[in-house]
Number of protein chains: 2
Amino acid sequence: MIEENGGLMGTRHLSIDDYLRGIRERDSAALGQVITLVESNRSDDRAQAQELLTRLLPLTGGARRIGISGVPGVGKSTFIETFGLRLVDAGHRVAVLAVDPSSSVSKGSILGDKTRMEELASSDDTFIRPSPTGGSLGGVARKTREAILVCEAAGYDVVLVETVGVGQSETAVAEMVDFFLLLSLTGAGDELQGIKRGILELADLISINKADGDRLQAAEHARAELERALAILRPKGDDGWTPRVVTSSGLTGDGLDDIWAIIGEHHALLSANGALERRRQRQLLDWMWSLVDEGLRSAVREHPQVAETLADLENDVLEGRMTPTAAAENILGSFRI
Amino acid sequence: MIEENGGLMGTRHLSIDDYLRGIRERDSAALGQVITLVESNRSDDRAQAQELLTRLLPLTGGARRIGISGVPGVGKSTFIETFGLRLVDAGHRVAVLAVDPSSSVSKGSILGDKTRMEELASSDDTFIRPSPTGGSLGGVARKTREAILVCEAAGYDVVLVETVGVGQSETAVAEMVDFFLLLSLTGAGDELQGIKRGILELADLISINKADGDRLQAAEHARAELERALAILRPKGDDGWTPRVVTSSGLTGDGLDDIWAIIGEHHALLSANGALERRRQRQLLDWMWSLVDEGLRSAVREHPQVAETLADLENDVLEGRMTPTAAAENILGSFRI
């Protein structure tokens, strides 16, 4: 069987049925192996992963999918550890995944450093997985989306997807979750730290984190300011939800119950008005088309004739010798479109 | 020559050299014909348009490219008329273009109704052109981008690109201009009218318009509120520019000189720090790639095998019978990628 499967190191002994049994039995070792399979770039692994995922699909969809973002220093690891432990205490099974396009095998993502979530990691009801490494953001996002499905099939009813706040990773995460929580900090003056351009639009909830000790008053002030600003700038969305602002402390746990209650409110509202179903359906089709786009783009870039002329075309465009339209037609022409 | 050219109705008598001469001589009839050529979807016209544009490229790049957005009712036409006339009085030559993906030959865009800008339209130093009609936003955007180049070659040193605030048209316009002005209105309570989700991120300047008569005080109050909100939520961008908030009245002309001065400040800052050059270069390459993407997407959708199976694939994905990854691979496979 080893030879026939020819799979990934450490997973080669397992057939699809073995994997399925492991997932159904909520075996965390099997879960890790399946996610490793899903993350593999080998074409035989990918074929096996897709077959497995297709068989897991009926078991998926049951979790609250929650994105958590915030720049380094905002206290994400402590927040997730404390938040996750509370959820476990309340009877939930919690998976923590991550999207960090900057992570690599050598550096590891913030979640790679598991010692930062030691207590959470040691619970039987949690599964913590660092970001898939290497590749494009699109590749990392695909793997994390599929890992969400695997975790759901394995009975995790809360999936936290962390993003480190680099590049477009927040947008990618917002596209795979039901609810997006942005952690921020009070900064100097009125400016809030950790709110990048474009991110605010994604947030269903913003929490001013590290609201403890000396920082408490400043955090409450920032919360009120931000709430007022949001009321002006971000009225109710198409989904009927009005974004909220709270304070929290991963250290003391203050505010975490409120956050879970707000996530519950959001879930109840969007379930009742149909927006959650629409959001998930849209995400599925967007996911499909983003993979098509990415596949097409890399096929174009790797096409020998394009690869040969692309640098010259880009230069011609930048230096005003060719219109972008003509350059695009040239590229599409190489590709016989 | 008529037969050989086989061009567009009304333009068929002109060779590329005729067009070039007309543009160089700032003949507004020739300018209109060239833009009609650029807007044509006929493949022979498109080939001629690209040849012409390539020869015009050395003459382009000299205008302030300014996007002006705001939902219907915000007073855009009156604003543009008054603003444009002031610029003409100050010695500028002003072109007004529009991106309105909802416009059609029968309906016409807001600029199609030229009577709304009668005085501006009658000046010798202005050129007003309604939105290209029909087709996708991508197609409309390409035509408007090329029209900007033609206007620059014809010596217009200010190009105002209007968008009606529908769909993704603001994003498309922001991608083709140096400066993006959003017009807004005071609404009930603290909420501002006409600030759609995602649009705020694009604006270099927001003006609370119709700040005249009874509305003056409310507009000034809204301006102060919005300025405060922006200071919290949208700090300085990568380009070094901090977005501003002012009030204006297209009717009385109040605030319009300030707006032009702010546009000048922005231009001076971004020219000095290199951000304007980078912005334009990035726009050129993004434009090229967006055309490539669009060409690829329509080639995929029009591929017979994809066209036949797409609805089923989408259903399979939506109903949980197939993963988006497997569906994307199926589509790419039909397309032999």
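Each value, and the rule that gives it
Residue numbering note: each chain is counted from 1, following its sequence as written. Written order determines the labels here, with chains lettered from A and ligands numbered from 1. Residue-level local features of this predicted model are given only where pLDDT is at least 70; pairs of side-chain atoms are given and counted only at 80 or more, and the full residue set underlies all totals for whole chains, interfaces and linings. Think of the side-chain values as coming from all heavy atoms in the structure, minus any hydrogens and water. Our superposition of the copies is a least-squares fit, built on the C-alpha atoms of residues whose pLDDT is at least 70 in both. Note on contacts: a residue pair qualifies if any of its non-hydrogen atoms lie within 4.5 Å across the two residues. Buried surface area refers to the total accessible area, computed with a probe of radius 1.4 Å, that the two partners give up upon joining, counted for both partners together. We count a salt bridge whenever a side-chain nitrogen from Lys or Arg sits within 4 Å of a carboxyl oxygen from Asp or Glu. By the criterion applied in these results, polar contacts are pairs of N or O atoms within 3.5 Å in which, for protein atoms, one can donate a hydrogen and the other can accept it, and in which residues neighboring in sequence qualify only through two side-chain atoms. Strands are runs of DSSP state E lasting at least two residues, helices are runs of H or I lasting at least four, and both sets are numbered from the N terminus onward. Each residue gets one label: Ala, Val, Leu, Ile, Met, Phe, Trp, Tyr, Cys and Pro are nonpolar, Asp, Glu, Lys and Arg are charged, and the others, such as Gly, are polar. Bear in mind that the domain bounds are from an automatic or database domain assignment.

(A) Representation of the relation of the copies chain B and chain A in the model. Least-squares fitting of chain B to chain A yields an RMSD of 0.1 Å, with the transformation described by 0.0 Å of translation along the axis and a rotation of 179 degrees. Within this description, the copies of the chain are treated as partners about a two-fold rotation axis. Across chain B, the smallest distance between a C-alpha and the rotation axis is recorded for B:Ala229, namely 2.2 Å. Take the interface residues of chain B: 98% of them recur as interface residues in chain A, which is what a same-surface contact looks like.

(B) Broad picture of the interface of chain B and chain A. Across the contact, 60 residues belong to chain B and 60 residues belong to chain A. Both sides together, the interface formed by chain B and chain A hides about 5,700 Å², and carbon and sulfur atoms give 66% of it. A salt bridge links A:Asp293 to B:Arg297; the nearest nitrogen and oxygen atoms lie 2.7 Å apart. Our count for the contact surface shared by chain B and chain A stands at 12 residue pairs in polar contact (both at pLDDT 80 or more). For the side of chain B that touches chain A, the secondary structure elements donating two or more residues are helix 4 (43-56), helix 7 (137-153), helix 9 (216-233), helix 11 (275-302), helix 12 (304-318) and helix 13 (324-334) of chain B. It is helix 11 of chain B that contributes the most residues to the side of chain B that touches chain A, 15 residues altogether. In terms of residue class, the side of chain B that touches chain A is made up of 34 nonpolar, nine polar and 17 charged.

(C) Seen up close, the domain arrangement of chain A. Residue and element names in this part refer to chain A. Parsing chain A into structural domains produces domain 1 (58-273) and domain 2 (285-336). Here the C-alpha centre of domain 2 lies 36 Å away from the C-alpha centre of domain 1. Residue-level contacts link eight residues of domain 1 with four residues of domain 2. Both sides together, the interface formed by domain 1 and domain 2 hides about 450 Å², and carbon and sulfur atoms give 61% of it. Looking only at domain 1, the three residues that lose the most surface to domain 2 are Arg142, Arg145 and Glu175, adding up to 63% of its buried area. Run the count over domain 1 and domain 2 and you get one residue pair in polar contact (both at pLDDT 80 or more). For the side of domain 1 that touches domain 2, the residue count by class is one nonpolar, three polar and four charged.

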